[in-house]
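# Breakdown of the fold
Here are the chains, one letter per residue:
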Amino acid sequence: MSEKATVKTGDKAPALSLRDMEGQAHSLDKALAKGPVLLAFFKAECPTCQYAFPFIERLHRQFASQGVSVWGVSQDSERESREFAAEFGVSFPTLIDAKPYEVSNRYGVACTPTLFLVGRDGKVELEGEGFSKQDLLAVQKKLAGEISVRPDDLFLPGERVPEYKPG
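The following paragraphs examine the structure supplied in this document. (Residues numbered from 1 in each chain as written. Predicted model: local features only at pLDDT ≥ 70, side-chain atom pairs only at ≥ 80, totals over all residues. Heavy atoms only, no water.)

## Details of the overall build of the chain
- On a plain count of helices and strands, the chain comes out with five helices and nine strands.
- The helix and strand sequence of the chain, counted from the amino end, reads β-β-α-β-α-β-α-β-α-β-β-β-α-β.
- The globule rule puts the C-alpha radius of gyration for 167 residues at 15 Å, and the 15 Å found for the chain is close to it.
- Looking at the chain residue by residue over its 167 residues, the buried ones come to 50%.
- Considering only contacts within the chain whose residues lie at least 6 apart along the sequence, 71% involve residues at least 24 apart.
- When the accessible surface of the chain is totalled, it reaches about 8,500 Å², and 50% of it is carbon and sulfur. (Helix = DSSP H or I, 4+ residues; strand = E, 2+ residues; numbered from the N terminus. Rg over C-alpha atoms; globule rule 2.2 N^0.38 Å. Buried < 20%, exposed > 50% of the residue type's maximum accessible area, 1.4 Å probe, protein only. Contact = heavy atoms within 4.5 Å. Areas by Shrake-Rupley, 256 points an atom, 1.4 Å probe, with all protein chains shown as cover.)

Printed below as a string of structure tokens:
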């Protein structure tokens, strides 16, 4: 068994081509031609994923019209992924990385959620594991700066959001 590669900030993002829950193919190279891509690896039963994904959905809603792609990369079946998306309000594409998790292994995903922000040049601009308030704010700031927009607050007044939840 080969050792997992761990993709870090500054690395070229490994090639990614997966189908979504409707069977439509998604290729990282094609998506990058339109703009940056935020990859969010998850498992449906992961409590930290369940907590994080509504905030990732907010990022999607803030930047989708500016050419930014947000993709959930599920390590579960299509049925489990569909139920997760419905329950947690996920409207961005959910790609299925079925066992033996070739894409997850290529990226070195050791826990979920794991995020990778891939810039137009194909390099990883940010990466993080678990739920991190600072990571999500850094993704938002990086995207806002790249496309020169001022997005709404990611965390709303009155929301009690922890700084970190391990994956």
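We are not done yet, so read on.
## Quick notes on the pattern of salt bridges
- Within the structure shown, the criterion is met by eight salt bridges.
- The closest approach of N and O atoms between Glu159 and Arg58, which form a salt bridge, is 2.5 Å. Residue Glu159 is located in the loop between helix 5 (133-147) and strand 9 (164-165), and its partner Arg58 is located in helix 2 (residues 47-63); the two are separated by 101 residues in the primary sequence.
- The partner of Glu163 in a salt bridge is Lys133, with the nearest N and O atoms 3.9 Å apart. A residue pair is termed long-range when its members are at least 10 positions apart, and Glu163 in the loop between helix 5 and strand 9 and Lys133 in helix 5 qualify at 30 residues.
- For Glu163, a relative accessible area of 44% corresponds to the partly exposed category.
- Each of the salt bridges in this network shares a partner with another, and the network as a whole consists of Glu22, Glu78 and Arg82. (Salt bridge = Lys/Arg side-chain N within 4 Å of Asp/Glu carboxyl O.)

## A short note on the nonpolar core
- In this structure, Leu38, Phe53, Ile56, Phe84 and Leu136 are the most contacted members of the largest nonpolar core, which totals 32 residues.
- Looking at this core, the elements with two or more residues in it are strand 3 (37-42), helix 2, helix 3 (78-87), strand 6 (114-118) and helix 5.
- Setting aside its immediate chain neighbours within four residues, Phe84 contacts Phe42, Lys43, Ala44, Cys49, Gln50, Phe53 and Val90.
- Counting residues in hydrophobic clusters, the runner-up holds 19 residues, among them Val7, Leu32, Phe41 and Trp71. (Core = buried A, V, L, I, M, F, W, Y, C linked by side-chain atoms within 4.5 Å.)

## Here we look at the environment of Ser77
- As for its placement among the helices and strands, Ser77 is situated in the loop between strand 4 (69-74) and helix 3.
- Judged by relative accessible area, Ser77 falls into the partly exposed class, the value being 30%.
- With 37 residues separating them along the chain, Ser77 and Thr114 place their C-alpha atoms 18 Å apart.

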